[in-house]
Amino acid sequence: MSSITVCARFRPLTSKEKLNGDADSVCIRCIDSETFVFKDDKDEELTFSFDRVFYEESKQDDVYQFLALPIVRDSVNAINGTIITYGQTGAGKTYSMEGPGILECDEQKKGLLPRVVKGLFDSLSPSDEELTFSIKLSMVEIYMEKIRDLFDLSKDNIQIKESKSRGIILHGVTEITVLDPAEALQSLSRGIANRAVGETQMNLASSRSHCVYIFTIQQEFLREKRMRSGKLILVDLAGSEKVEKTGAEGRVLEEAKTINKSLSALGNVINSLTCGLQGKTSHIPYRDSKLTRMLQDALVSFFITIICQIIPIIQQISVPHKVFLTKGGTARTALLCCCSPSASNVSESLSTLRFGARAKHIKSSPRVHCIEEKSNTGSTASSPPGDEFSLRIMNELGKRLNMEDVKLLEELFIQEGILYDLQSVEEDQEIENLNFQTISLLQEALEKLTSAIDELKRENSILKAKVDASVEFSFCKEDKKRLIHNMIFGGVIFVSLWGLLVWVI
């Protein structure tokens, strides 16, 4: 089991910090490339150790070579990878990820992103004519707890789905096939231009969203007639903020609250992964935010080492449809904790370092993948049904493990989709059938609604006719009353005039 790779990086002091006299009160003291002493706001010294510490004089290429290059190579070999930059606002996360600009020509200042693009194409340059490959690029941001497609701004509320075979996926996200590094960087530049940024007292171009870059690498081996796919995800997190320092107001303040809430959810997931009871599963709150849900594959951990012991046991059992089991890792993950060396930011830097120290304890466990091999036409051996296969696995495990461990493993296998009936309909077909049923039900409901509307229209026409008739009858009665009134009034006038005429004569 391997831990998440965690590195710390300290940016140089800014000109503002130097003017305020922070140059004389730097909060770190270097010991070596992995360890340093941090002085907190109470002048207490704390020692931190990480896989690598990049100090102020460190180069962009140093970060890439140690942190990112191994994951780039693994992604080409179909092992998913995730690289995350974390820290307070203005700590150098976006600079580490992009550099001064994604199209920056200065080789020394290029960030992780343009170096990763070059590294992918360099690793995939086909030396064999029997190999073809493609790289697809997606780019989204999590803004105010909504996932927005930065290549298509009309998609401003993308939903997260989960597949047994592909893990966490973004439903309907735009994927651009890029043919060379220049095209990839141009596409990334367009996406970055659509990202939400704002001005605060600590950063003139503060990221107001978490930005996620997704590279999907597909390779086809023509001679062997097989394909493999890997995914590389880079995450530039928005920085945590203190309102009294950033001076955020109005919309920027609401953005800061959402950012801090999602980062708090990420911290809760890290705590759950590292503080759970050994040998027992506990609830991991991945669904508390869009950020933790998207990073679920990168953070997932089983909390058991015993799974490594059961692979040989399972492989001894005859498997239906000649399904063989192989060990494979979960997504390899690297975390870059970006900090300020200034004493004025000591509390934020300490929080970032403690976050990285907790994340260091997450273990990446081997995961069992089911790979189906086509049956030989000459084979006549019958395959045991899925239920019998599952029972045989659990019986074999019961001979070597205690019952509590067997029950725990059975629950984990079911959750991960390792134990299921291979004769059943495949997941994609199930989803298709479910969609078809849902559409059918919606169509039926629409027909009923249309029929009800037509009936209401008919009743409304009848009611309107009755109302019109009633109104017309009322008008007739009023006309009659008015006529009688006029006749009486006219008769009175006539009699009066006649009486007056007789009196005059």
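Each residue is numbered by its place in its chain's sequence as written, counting from 1. It should be noted that, the model being predicted, local features are given only for residues of pLDDT at least 70 and side-chain atom pairs only at 80 or more, the latter also being counted only at that level, while totals for whole chains, interfaces and linings use all residues. In computing side-chain values, all of the structure's heavy atoms are included and hydrogens and water are not.

Caption draft 1: Just the overall build of the chain, in detail. Per the secondary structure count, the chain includes 14 helices and 20 strands. For the chain, contacts bridging at least 24 residues in sequence account for 71% of all contacts bridging at least 6. As displayed, the chain has an accessible area near 28600 Å², and 53% of this comes from carbon and sulfur atoms. Working definition: helices are DSSP H or I runs of at least four residues, strands are E runs of at least two. Numbering for both runs from the N terminus. Whether two residues are in contact is decided by their heavy atoms, any of which lying within 4.5 Å being enough. Shrake-Rupley sampling with a 1.4 Å probe provides the accessible areas, and residues are treated as covered by the protein chains on show and by no other component.

Caption draft 2: Focus on the confidence of the model for the chain. pLDDT: the predictor's confidence for each residue, scored from 0 to 100. Confidence along the chain averages 76 in pLDDT terms, with 65% of residues attaining 70 or more. Of all helices and strands in the chain, the one with the weakest mean pLDDT is strand S17 (residues 323-329) (33), whereas strand S6 (residues 52-54) scores best (96). Here residues 317-329 scores under 50 on pLDDT; set against residues more than four positions off or in separate chains, the count is 47 contacts. Under a pLDDT of 50 for its full length, residues 420-428 has, in the predicted model, eleven contacts with residues more than four places off or in other chains.

Caption draft 3: Spotlight on the state of the cysteines. Working definition: a disulfide is two cysteine sulfur atoms within 2.5 Å of each other. Tallying each qualifying case throughout the model produces zero disulfides. No disulfide involves cysteine 339; its nearest neighbouring cysteine sulfur is the one of cysteine 337, lying 6.3 Å away. Remark: exposure states derive from per-residue accessible area (1.4 Å probe, protein chains only) relative to the maximum for the residue type, with buried under 20%, exposed over 50%, and partly exposed in between. Classification of cysteine 339 by relative accessible area gives buried; the value is 1%.

Caption draft 4: Layout of the sheet that holds strand S3 (residues 28-30). Paired strands are those between which DSSP finds at least two bridges. With respect to topology, three strands assemble into an open sheet ordered S3-S4-S5, the strand pairing being antiparallel. Here the strands that pair on one side only, and so sit at the sheet edges, are S3 and strand S5 (45-49). When strand polarity is set aside, the average angle formed by the axes of neighbouring strands in this sheet is 25°. Docked against the sheet, helix H11 (residues 346-359) engages strand S4 (35-39) and S5, running at close to 140° with respect to S4. Axis definition: a line fit to C-alpha positions, over the contact stretch in the case of helices; interaxial angles, taken between N-to-C directions, run 0 to 180 degrees.

Caption draft 5: Looking closely at the packing of helix H2 (residues 60-76) against helix H4 (residues 112-124). For the pair H2 and H4, interaxial distance at closest approach is 9 Å and the crossing angle is 40°. Between H2 and H4, the angle is such that the two are oblique. Remark: the crossing between H2 and H4 carries right-handed chirality. Contacts between H2 and H4 pair Gln60, Asp61, Val63, Tyr64, Leu67, Ala68, Val72, Ser75 and Val76 from the former with Leu112, Arg115, Val116, Gly119, Leu120, Ser123 and Leu124 from the latter. Each angle gets one of four labels, with under 35 degrees taken as roughly parallel, over 145 as roughly antiparallel, 65 to 115 as roughly perpendicular, and the rest as oblique. Whether a crossing is left-handed or right-handed is set by the direction in which the near helix is turned from the far one by less than a right angle, anticlockwise for left-handed and clockwise for right-handed.

Caption draft 6: View of the nonpolar core. Counting 49 residues, the largest nonpolar core has Phe36, Phe38, Leu170, Leu299, Leu335 and Leu353 as the members making the most contacts within it. Per element, the largest residue contribution to this core is six residues, and it comes from helix H7 (residues 250-275). Setting aside residues up to four positions removed in sequence, phenylalanine 38 forms contacts with Cys27, Ile28, Glu44, Glu45, Leu46, Phe48, Val346, Ser349, Leu350 and Leu353. By size, the runner-up hydrophobic cluster in this structure holds 40 residues, among which are Leu67, Ile102, Val116 and Leu234. What makes a nonpolar core is a set of buried Ala, Val, Leu, Ile, Met, Phe, Trp, Tyr and Cys residues whose side-chain atoms join them at distances within 4.5 Å.

Caption draft 7: Inspection of H2 at higher detail. In a regular helix each residue adds 1.5 Å, so 17 residues correspond to 24 Å; H2 covers 22 Å between its end C-alpha atoms and thus fits that length. The bend reported for a residue corresponds to the angle between axes fitted to the seven residues ending at that residue and the seven starting there. Along H2, the largest kink reaches about 50° and is centred on alanine 68; proline proline 70 follows within four residues of it. Those residues of H2 not exposed but buried are Gln60, Val63, Tyr64, Leu67, Ala68, Leu69, Ile71, Val72, Asp74, Ser75 and Val76. With its phi angle positive at about 70°, alanine 78 sits one or two positions after the end of H2. In this scheme, a helix's expected span is set at 1.5 Å multiplied by one less than its residue total.

Caption draft 8: Main features of the pattern of salt bridges. Here a salt bridge means any side-chain nitrogen of Lys or Arg lying within 4 Å of a carboxyl oxygen belonging to Asp or Glu. Summed over the entire model, instances satisfying the criterion amount to 13 salt bridges. The residue arginine 332 makes a salt bridge to aspartate 74 at a minimum N-O spacing of 2.6 Å. Pair noted here: arginine 332 is in strand S18 (residues 332-339) and aspartate 74 is in helix H2, with a separation of 258 residues, a long-range link. Of the charged contacts in the structure, one is a salt bridge between arginine 148 and glutamate 141, with a shortest N-O distance of 2.4 Å. By relative accessible area, which is 23% here, arginine 148 ends up partly exposed. The class of glutamate 141 is buried, set by a relative accessible area of 0%. Overlapping salt bridges, with partners in common, bring together Asp61, Glu107, Lys110 and Arg115 in one network.

Caption draft 9: Region of interest: the pairing of strand S8 (residues 131-143). Relative to strand S15 (residues 210-221), S8 runs antiparallel, the two being bridged by twelve bridges. Looking across to S15, one finds that valine 140 is bridged to valine 212. Joining the antiparallel neighbours S8 and strand S9 (residues 146-149) is a turn of two residues, in which methionine 144 adopts a positive phi near 55°.

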